[in-house]
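In case you want the letters, here they are:
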Amino acid sequence: MTEQTFYYEYPSGALTERVTTAENPVHPEGVTLLSAADYAAKKAAADAAEEQRQAAIRAAETARERDAYEALIAAGIPDEAARTLSGYQPEPTGGA
């Protein structure tokens, strides 16, 4: 048997790829069959959206750490301790 690849989009928006050698494969209920090109485009868009979501999470975490660091510094905590407690690592300033 020759391998066949099917691309599915579920009602939830989830995307999957299935490789089978079945002559008459049974497809999952409720899926939309996609072409390879449509699957690739939708997968690329989903991957980009996930990367953007992760970047937003990282940015929010960095902002939270920076705010904690600045509050600790304002309270008179030494820089090294403020870095340790907050998890924030300010960018080095000044020249070489």
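What follows deals with the overall build of the chain. When helices and strands are counted, the chain shows two helices and three strands. Ordered by position from the N terminus, the helices and strands of the chain form the series β-β-β-α-α. Compactness check: the chain gives a C-alpha radius of gyration of 24 Å against a globular reference of 12 Å for 96 residues, more than 25% above the reference. By principal-axis analysis of the C-alpha atoms, the chain measures approximately 70 × 35 × 20 Å. Looking at the chain residue by residue over its 96 residues, the buried ones come to 17%. Counting only contacts in the chain whose residues sit at least 6 apart along the sequence, the fraction spanning at least 24 positions is 19%. Taken together, the 8 basic and 16 acidic charged side chains of the chain have centroids lying 3 Å from each other.

Take the packing of helix 1 (residues 36-74) against helix 2 (residues 79-86) next. Their axes nearest at 9 Å, the elements helix 1 and helix 2 cross at an angle of 145 degrees. At the point where helix 1 passes helix 2, the crossing takes the right-handed sense. On the side of helix 1, the interface is formed by E65, A68, Y69, L72 and I73, while helix 2 contributes D79, A82, R83, L85 and S86. Looking at the contact of helix 1 with helix 2 residue by residue, the class counts come to six nonpolar, one polar and three charged.

Moving on: the pattern of salt bridges. Overall, the coordinates contain five salt bridges when judged by the stated rule. E61 serves as the salt-bridge partner of R64, at 2.7 Å between the closest nitrogen and oxygen. Placement of the pair is R64 and E61 together in helix 1, with a separation of three residues, close to one helical turn. A residue is classified by how much of its surface remains accessible, and E61, at 34% relative accessible area, is partly exposed.

Criteria and cut-off values
Residues numbered from 1 in each chain as written. Predicted model: local features only at pLDDT ≥ 70, side-chain atom pairs only at ≥ 80, totals over all residues. Heavy atoms only, no water. Helix = DSSP H or I, 4+ residues; strand = E, 2+ residues; numbered from the N terminus. Rg over C-alpha atoms; globule rule 2.2 N^0.38 Å. Buried < 20%, exposed > 50% of the residue type's maximum accessible area, 1.4 Å probe, protein only. Contact = heavy atoms within 4.5 Å. Lys, Arg positive; Asp, Glu negative; His and termini not counted. Charge placed at Lys NZ, Arg CZ, Asp CG, Glu CD. Axes fitted to C-alpha atoms, helices over the stretch in contact; angles between N-to-C directions. Left-handed = near helix turned anticlockwise from the far one by under 90°. Nonpolar A, V, L, I, M, F, W, Y, C, P; charged D, E, K, R; others polar. Salt bridge = Lys/Arg side-chain N within 4 Å of Asp/Glu carboxyl O.

Just distances and angles here, no functional claims.
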